[in-house]
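Descriptive structure summary
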Amino acid sequence: MDAVVIKDFFWKYPNFTGIKTDYVLKGINLTIKEGEFLGITGRSGSGKTTLCFSISGLVPHQLRIPEHVEEHISGKVEVFGQLVSGVKKVDDHYEVDGVGSMAPSVGFVMQDPESQFLSMSMLHEVSLGLQMMGLDKAEINKRITEALDMVGLGQYRDVAERIHPAELSGGQKQRLIIASFLAMKPKLLILDEPTSDLDPAGKLEVMKTIADLRKKSNMTIILVEHNPDVMLKFADRIAVMYGGRIVQLGKPLELYSRPDILREYNVYLPDVSELSEYFSLDEKPKFQLEKSSFVPERKTRPKTSRIIDVKGVSYSYPDGTKALDNITIEVEKGEMIAIVGQNGSGKSTLSKVLSGIAAPSSGSADIAGISANSKSERRKIPLHVGYVFQNPDHQIFTRSVKNELYYGLKNIGIKRDEAEESINSVLAGVGLADKADEDPIFLGRGQKRRLAVASSIIMKPEILIVDEPTTGQDYKMSKEIMELLTELNIEGTTILIITHDMRLVAEYCRRVVVMSKGTIVFDGTPEKLFMEDDILELSSLSEPQSVRISKELVRQGFLRKPLISAREWLQFFNFMRLKSGFEFSTYNEMDSMAQTLIDTILDKKGKPASLVYIERGGMVPAYMVLKRFPDIRAHRIRASYYSDVGTASKDVEIYNFPKELSSIEKGYILLIDEIVDTGKTMLRIRDELKSHVDAEIVTASIFLKRQSSYVPDFYSKLVESDLWVVLPYERNETIHSIGIKRPEDLNRVSALFTGDASNYGKIDDHARKIADRIREKSWDPKIIVYKLPESLLFARILSDALRVNNVAGISDREEISDLPLANLEGSILLVSPGMSPEIEAIKSDLSSYGRVQIITPNFEVPDAYLSG
Amino acid sequence: MTNNREEKRYVKTILFTARADSFYVRLNPLVKFAFLLLISVGVVFSMDRPVPDLYYNLSALAFACVFLVESGTIKYLVRSYLFMLLVALFIMMLWWLVFNQVGSNPIFAVSLGGLHFQVTTLSLYVGAGKVSGYAAMAFLTLLTMMTTRDADIISALRKIKVPFKAVFFVSIVSRSLNILSDDLETIRQAQIARGSRLGKFGFLNRIREFVMLAVPLTASIIRRSVEVGGAMEARGFSKVRNFTGYVDEKAFRWYDGAMLALGAAMVMVPLL
């Protein structure tokens, strides 16, 4: 038998305002087999809940249709062969037909558990339906115990009679309501977003229970849900609703493999749908797996001042329950932080302390310079902290949207005419400008939420706390809210988001705080959190699909680090597309490798007495070493196995030798280069050094090619011989060479050099802009002389940007005599961190060799000044 | 928030919370209400005399105070009602003294516009007797409300075989008040978050802020009432034919009997 048969069903809610309204359900045709698990999804306002009401018989039987019934309802809904909702003609008029509510055969778990509690204790809540069924006491007791066990509340059976619903957390409430229906053993169970308030682990747990029950007793399930993971895992079919109609109906794998179509209907897609080119829906890769060095670029904020300083804060409710236990947390201005944790972990309580609504029982909390411990001071916190509650209905105090925005401003003493411009601007910013005069009560859910955000941001808070911004929202609304919050964050607002949505955490937040039982159990980056399986389990959290897939690939050795969002996966695939044949390192990657190399060297050999770098290749690694040891004297050696056009020579030519090295008796000399390719250059230089100095020579490089005949004492990364190592400060040279040798790869390689937002990347941009200005001035230098050690990196980049291979570093004017300045036909570009008598003297000495132009770039200021 | 028996020190009652293991919370609610009734009758008998039994009324008052402390509810009384109660009792006392000129040994006398007022030891004694009687009834009523769970009342009504629909109605009303109370608290917090306490938070501003609660509260009430109706229907309320009187029995214990006996005895005292 079919569980549900709906034929040509139309429904319009009666309204008594005289305003014409549209049908909420339009021509629904749907058949659900007995024992089937049907998922219903779609944007907010598409008719999902009304469809559930219709199947359960609440619509139209619970409503009063004053007249013209036939204009409100047509078609029919049958459940297990019985007419539940329909319309019949009686004499000259129409009446509603059907049996109405099919309880207990049909159970209906609605969205808000609060409104579904009809009793005063956990026990009586579960027993109520059973009592109404007229079951005997023994059976009632048995079913109560079973039902509570099924939803994970079995441990409260003995005290269930004493537990008031108000004492339960949001998630426990939802579980209890589900238990009260499961106890009735319905043949059809309708659930309207039943897990929206549950933590991720709780969601899956409850759904698994329902799915298991369905298998055991052949229960038919109808589930309204936005979460695609739940749908994929449990649903046999999914119905997508849009504008009151069912627009798509099919198996989850079929539907979610058509992301472009589903996006039109604002349906949440699984991560893999966004990556459908690379993964099948069951998470199997469609591409050839190979080991990759890809590391995602994750933006880091510069350090700013502290805006929230909480030390040892505890909070207890009047009934003695400890909600916060010794919490310590610091938040910097401009951060965007997610606060996550299981139901009842203290997230909302912490937020109320931070927003000044609740006073800490102990400890100290300083919020934007205001102490939350003092009652008189705490009153002022709302001036600095905005709080957007989960239910926007709780924050609407007036009868017009404009007045709603003015409400907060009035409280801080701003006159209406002064506020008008601000109100209009904020309304435009949240897309509610056309609703300015409407009664907020009649706004849609998403609009109300935007209004709630607007009402908070109009007070220009430095900190904005948002409680569950995406719960119960469709994809489009969630994205809009998050983009709005991201914009605010970019403009400088510190944002704290309480959420269960781990996808949101991965996409938008660079810091996540995990709470459990009133304490903070984790505070760090999302990527770190996703690697901590025990913390995820303790806090009933689950990693997003992107993370799950990439962790497996990390475990198998194909990836270096897990990728936490679809966006990072797309970056990875872009990287892979560009990579083949090239090993590209960003500045940060090089720096990371250099620091790790130094740590290893320090560990084994201690601090070097002196540093020798091979010019030009070793300039950047030397710069990175000298960042750690600015007091070490650095010396350059110019040597090359390759000519300036890249052809190999017979032997390595050494152009200079730092005489000062001979005086080193204690310690060791560190010889460093970026790549050891054939090994000949480094070996030759090492041998040369050995012949002149008594100190030990230790060799190191960032990259080592497998083909090299010499393996340095320390190296960071072994690369395959056939790979072209592409480095960010060799942009022009690389593109020039690729253009000659591998023109077909030119575009791909050029694309590798874009988008470095790191500090190094900024210096690179800056140096190249200076090079452009040098060219504008037609300076045309033939040699770049740079002051050691500060100008190393800058000079190296300038050398690439200006295509000047002749570079020479000096520590003082005595070293000028070692420079290759004889017969110089052209100008000398002197790069120095700043002007000083010493630089003037160097300039004067260099002037005897040619015209000297000085660059003194100020790295803190976007525009450098040039003199010459 | 955990609901583990070992960790639960307080239970939610009709008004506020009370210590779960306190004597008065453990009493059967029917016994508590019966005791309240008996003591109230006793106090009324006492006040009805020409000279009220001050010691009887003070004993009843003391009894209430002792159990307010024992149940952990005294702090709520002090925070919420004590000031109002004291003002009311003071006014009551003043009223009695002004409009009941009894006794012949004035402690204090004054004439105002031809009218003569005096306070005698007798009028003080009688006034104190009456005021303490009213105070005892007020405190005892608050004690009863603050130590009784609404679930216990529902159980008690079932136990005395009140019809299902009537009991259910009381349950829904009680539950709705809970929800509205939670909503009100959240709405109030939202008001604070929007700066309602900034600036001068005088009396008029307080009134204004209170009135502004009406909009979100009304919206909440309407929404909740529709949802509660739907929830009742979803549970099959309109289809009930046979309703099982399932009650998790709260048996009468020895101290319930003892309290009833004490109540009965205390009724007799003013009659003797």
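Residues numbered from 1 in each chain as written. Chains lettered and ligands numbered in written order. Predicted model: local features only at pLDDT ≥ 70, side-chain atom pairs only at ≥ 80, totals over all residues. Heavy atoms only, no water.

A count of helical and extended segments in chain A gives 29 helices and 34 strands. Residues counted as buried form 58% of the 868 residues belonging to chain A. At a minimum sequence separation of 6, the contacts of chain A that also span at least 24 residues come to 67%. (Helix = DSSP H or I, 4+ residues; strand = E, 2+ residues; numbered from the N terminus. Buried < 20%, exposed > 50% of the residue type's maximum accessible area, 1.4 Å probe, protein only. Contact = heavy atoms within 4.5 Å.)

This part covers the overall build of chain B. For chain B, the count of helices and strands is 10 helices and four strands. Along chain B, helices (α) and strands (β) appear in the sequence β-β-α-α-α-α-β-β-α-α-α-α-α-α when read from the amino end. A buried classification covers 46% of the 272 residues belonging to chain B. Summed over its atoms, the accessible surface of chain B is roughly 13,600 Å², and 71% of this surface lies on carbon and sulfur atoms. (Areas by Shrake-Rupley, 256 points an atom, 1.4 Å probe, with all protein chains shown as cover.)

For the rest of this paragraph, the subject is the interface of chain A and chain B. Counting from both sides, the interface comprises 81 residues of chain A and, opposite them, 73 residues of chain B. Both faces considered, chain A and chain B share a buried interface measuring about 6,800 Å² in area, 56% of it formed by carbon and sulfur atoms. Taken together, chain A and chain B are joined by six salt bridges. For B:Arg223, the salt bridge goes to A:Asp393, with nearest N and O atoms at 3.7 Å. Between chain A and chain B we count 20 residue pairs in polar contact (both at pLDDT 80 or more) in total. The set of elements that each furnish at least two residues to the side of chain A that touches chain B consists of β7 (106–109), α3 (122–132), α4 (137–150), α5 (170–182), β17 (385–388) and α13 (401–411) of chain A. Per-element tally for the side of chain A that touches chain B: the top contributor is α3(A), with eight residues. (Buried area = accessible area lost by both parts, 1.4 Å probe. Salt bridge = Lys/Arg side-chain N within 4 Å of Asp/Glu carboxyl O. Polar contact = N/O pair within 3.5 Å; in protein donor to acceptor, adjacent residues only side chain to side chain.)

What follows covers a nonpolar patch on the surface. Residue and element names in this part refer to chain B. On the surface, Phe83, Met84, Val87, Phe90, Ile91, Leu94, Trp95, Val98 and Phe99 cluster together into a nonpolar patch covering about 990 Å² of accessible area. Relative to the helices and strands, methionine 84 is located in helix α4 (residues 74–99). Owing to a relative accessible area of 51%, methionine 84 belongs among the exposed residues under this scheme. (Patch = residues over 30% accessible without salt bridge, like charges linked within 9 Å, V, L, I, M, F, W, Y side chains within 5 Å.)

Once that is clear, we can look at the sheet that holds strand β15 (residues 362–367) of chain A. Residues and elements named next belong to chain A. Reading across from one edge, β13-β12-β15-β16 is the order of the four strands in this open sheet, with antiparallel pairing throughout. At either end of the open sheet lies a strand with only one pairing partner, and these are β13 (322–332) and β16 (370–371). In terms of strand pairing, strand β12 (residues 306–316) meets β15 through five bridges, oriented antiparallel. Each residue of the ladder has a partner; that of serine 314, found in β15, is serine 362. (Pairing = 2+ DSSP bridges.)

Here we come to unusual backbone geometry. Residues and elements named next belong to chain A. Note the cis peptide between valine 59 and proline 60, where omega equals 5°. If you trace the backbone, proline 60 turns up in helix α2 (residues 58–61). Non-glycine residue histidine 68 carries a positive phi angle of around 50°. Along the chain, histidine 68 falls in the loop between α2 and β4 (73–79). In the Ramachandran plot, glutamate 468 falls in the positive-phi region, its phi being about 50° despite a non-glycine side chain. Mapped onto the fold, glutamate 468 is located in the loop between β18 (463–467) and α16 (475–490).

Right, let's talk about the environment of B:Gln101 for a bit. Tracing the chain through its elements places B:Gln101 in the loop between α4 and β3 (106–112). When the C-alpha atoms of B:Gln101 and B:Phe117 are compared, they prove to be 7.3 Å apart, with 16 residues separating the residues in sequence.

What follows concerns the confidence of the model for chain B. Residues and elements named next belong to chain B. Here chain B averages 84 in pLDDT, and 94% of its residues register 70 or above. Of all secondary-structure elements in chain B, the lowest mean pLDDT belongs to strand β1 (residues 10–12), at 78, while helix α3 (residues 54–70) reaches the highest, 92. The model gives residues 1–7 a pLDDT under 50, and that stretch makes 17 contacts with residues more than four places away or in other chains. Two summary scores accompany this predicted model of the complex, namely pTM at 0.68 and ipTM at 0.75. (pLDDT = per-residue confidence, 0-100.)

With that settled, consider the side chain of A:Glu674. Residue and element names in this part refer to chain A. For glutamate 674, the location among the structural elements is in strand β26 (residues 668–676). Within the buried set, glutamate 674 has no salt-bridge partner at all; the shortest N-O distance to an opposite charge, 5.2 Å, is to arginine 796. At 2.4 Å, the side chain of glutamate 674 and the side chain of tyrosine 729 are in polar contact. Setting aside anything within four residues of it in sequence, one finds glutamate 674 in contact with Gly617, Gly618, Pro621, Ser701, Ile702, Phe703, Leu727, Tyr729 and Glu730. (Lys, Arg positive; Asp, Glu negative; His and termini not counted.)

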